[in-house]
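Each chain, written out:
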Amino acid sequence: MKNNYAITIILICILFLPNFTSAQLIKIGAGGGLTQILAPDALTKEVSDGGLGYSTEWNAGLIGKVDLPMLPITPRAFILYHSLSGSGSTPPELFKVTQAETDLEISQSIFEIGAGIQYNFIPTPLGFDPYLALDLSFNSFGKSKVNDAEVDGSDVSRFGGGIGLGTEVTIIPLINLDLYLSYKMFNLTGKEDGEETISAVTLDAFIIFNFL
């Protein structure tokens, strides 16, 4: 009886070992895309209307994934730098700048460090591997600048989260193109009284390199 169990275990190992050893377990990529701030109004309204005029800007970063053989769940981690800017005339109310109407250039950045999991759907033909991702992140807001003058108290840190849909497209066996559309909230927790949630949509593309 014991011999039968041993033979069964050996056969299972022989059958599944090639799947484990041939799988691309570690994925590392670099890329970037667009960040569109959605809310609050204080950030998205035109400068002339008392907002900061943030709209669609760029982001760039790194992503890493660990494929778990035979499981549809993939742990993921990422670093993204988001650049935000706006321009217009009339000082924004948020900064309470006391000066005559003039042209203003406003800028800020968000440095996002996150981790999460993605659920991989059944791969489709032509090398498309769609997935759903859930992420948590630590977000460091750089100091806002108005015409290169820093605004005190605007550099804060908050915890946030996001959800998104993506797909990996096989280019060659060791290189994929990862396309990802996500909805993010940069300050879910740690907010001060009266602080509104900052939300955004991002669209990114990463070149992914697969390693054993």
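One structure accompanies this document, and this report is about it. (Residues numbered from 1 in each chain as written. Predicted model: local features only at pLDDT ≥ 70, side-chain atom pairs only at ≥ 80, totals over all residues. Heavy atoms only, no water.)

## Some remarks on the pattern of salt bridges
In this structure the tally under the stated criterion is nine salt bridges. For Glu195, the salt bridge identified is with Arg158, shortest N-O distance 2.8 Å. Of this pair, Glu195 sits in the loop between β9 (175-189) and β10 (199-211) while Arg158 sits in strand β8 (residues 157-172), and the two are 37 residues apart along the sequence. Taking the relative accessible area as the measure of exposure, Glu195 reaches 24% and is therefore partly exposed. Taking relative accessible area as the criterion, Arg158 reaches 7% and is therefore assigned buried. Members of the salt-bridge network, linked through shared partners, are Lys27, Lys65, Asp67, Glu168 and Asp178. (Salt bridge = Lys/Arg side-chain N within 4 Å of Asp/Glu carboxyl O. Helix = DSSP H or I, 4+ residues; strand = E, 2+ residues; numbered from the N terminus. Buried < 20%, exposed > 50% of the residue type's maximum accessible area, 1.4 Å probe, protein only.)

## Re the nonpolar core
Grouped together as the largest cluster of nonpolar side chains are 15 residues, with contacts concentrated most on Ile37, Leu43, Tyr54, Ile106, Phe186 and Ile198. Aside from chain neighbours lying at most four places away, what touches Tyr54 is Ile37, Leu43, Thr44, Leu84, Ser85, Gly86, Ile106, Ser107, Gln108 and Ser144. Of all hydrophobic cores here, the second largest spans five residues; its members include Ile63, Leu80, Phe206 and Ile208. (Core = buried A, V, L, I, M, F, W, Y, C linked by side-chain atoms within 4.5 Å. Contact = heavy atoms within 4.5 Å.)

## Re the pairing of strand β4 (residues 103-120)
Strand residues, when the strand is regular, have side chains that alternate between the two faces of the sheet. Both strand β3 (residues 73-89) and β4 contribute to a ladder of 17 bridges, which runs antiparallel. When the sheet's bridge partners are listed, Leu80 is paired in β4 with Glu112. Note: β4 against strand β6 (residues 145-146), two bridges, orientation antiparallel. Note on β6: the bridge partner recorded for Ile106 is Val146. Relative to strand β5 (residues 128-141), β4 runs antiparallel, the two sharing eleven bridges. Paired with Phe111 across the two strands is Ser140, which belongs to β5. (Pairing = 2+ DSSP bridges.)

## Things to note about the environment of Glu57
Tracing the backbone shows Glu57 in strand β2 (residues 56-66). The spacing of Glu57 and Leu34 is 23 residues in sequence and 5.6 Å in space, taken between C-alpha atoms. Not counting residues up to four positions away in its chain, the partners in contact with Glu57 are Gly33, Leu34, Thr35, Ser83, Leu84 and Ser85. A polar contact is formed between the side chain of Glu57 and the side chain of Ser85, at a distance of 2.6 Å. (Polar contact = N/O pair within 3.5 Å; in protein donor to acceptor, adjacent residues only side chain to side chain.)

## Some points on a nonpolar patch on the surface
A cluster of nonpolar side chains, namely Ile26, Ile28, Val66, Leu68, Leu71, Ile171, Ile172, Ile207, Phe209 and Phe211, defines an oily patch on the protein surface of about 840 Å² accessible area. Of all the secondary structure elements, the ones that give two or more residues to the nonpolar patch are β1 (26-39), β8 and β10. The dominant element in the nonpolar patch, judged by the number of residues it contributes, is β10, at three residues. Of note, Phe209 is situated in strand β10. On the accessibility criterion, Phe209 (39% relative accessible area) is partly exposed. (Patch = residues over 30% accessible without salt bridge, like charges linked within 9 Å, V, L, I, M, F, W, Y side chains within 5 Å. Areas by Shrake-Rupley, 256 points an atom, 1.4 Å probe, with all protein chains shown as cover.)

## Remarks on the side chain of Gln118
Mapped onto the elements of the fold, Gln118 is located in strand β4. Engagement of the side chain of Gln118 in a polar contact is seen with the side chain of Lys65, the distance being 3.1 Å. Reaching out from Gln118, the side chain makes a polar contact with the side chain of Arg76 at a distance of 3.2 Å. Setting aside chain neighbours within four positions, we find Gln118 in contact with Lys65, Pro72, Ile73, Thr74, Arg76, Tyr131, Leu132, Ala133 and Glu168.

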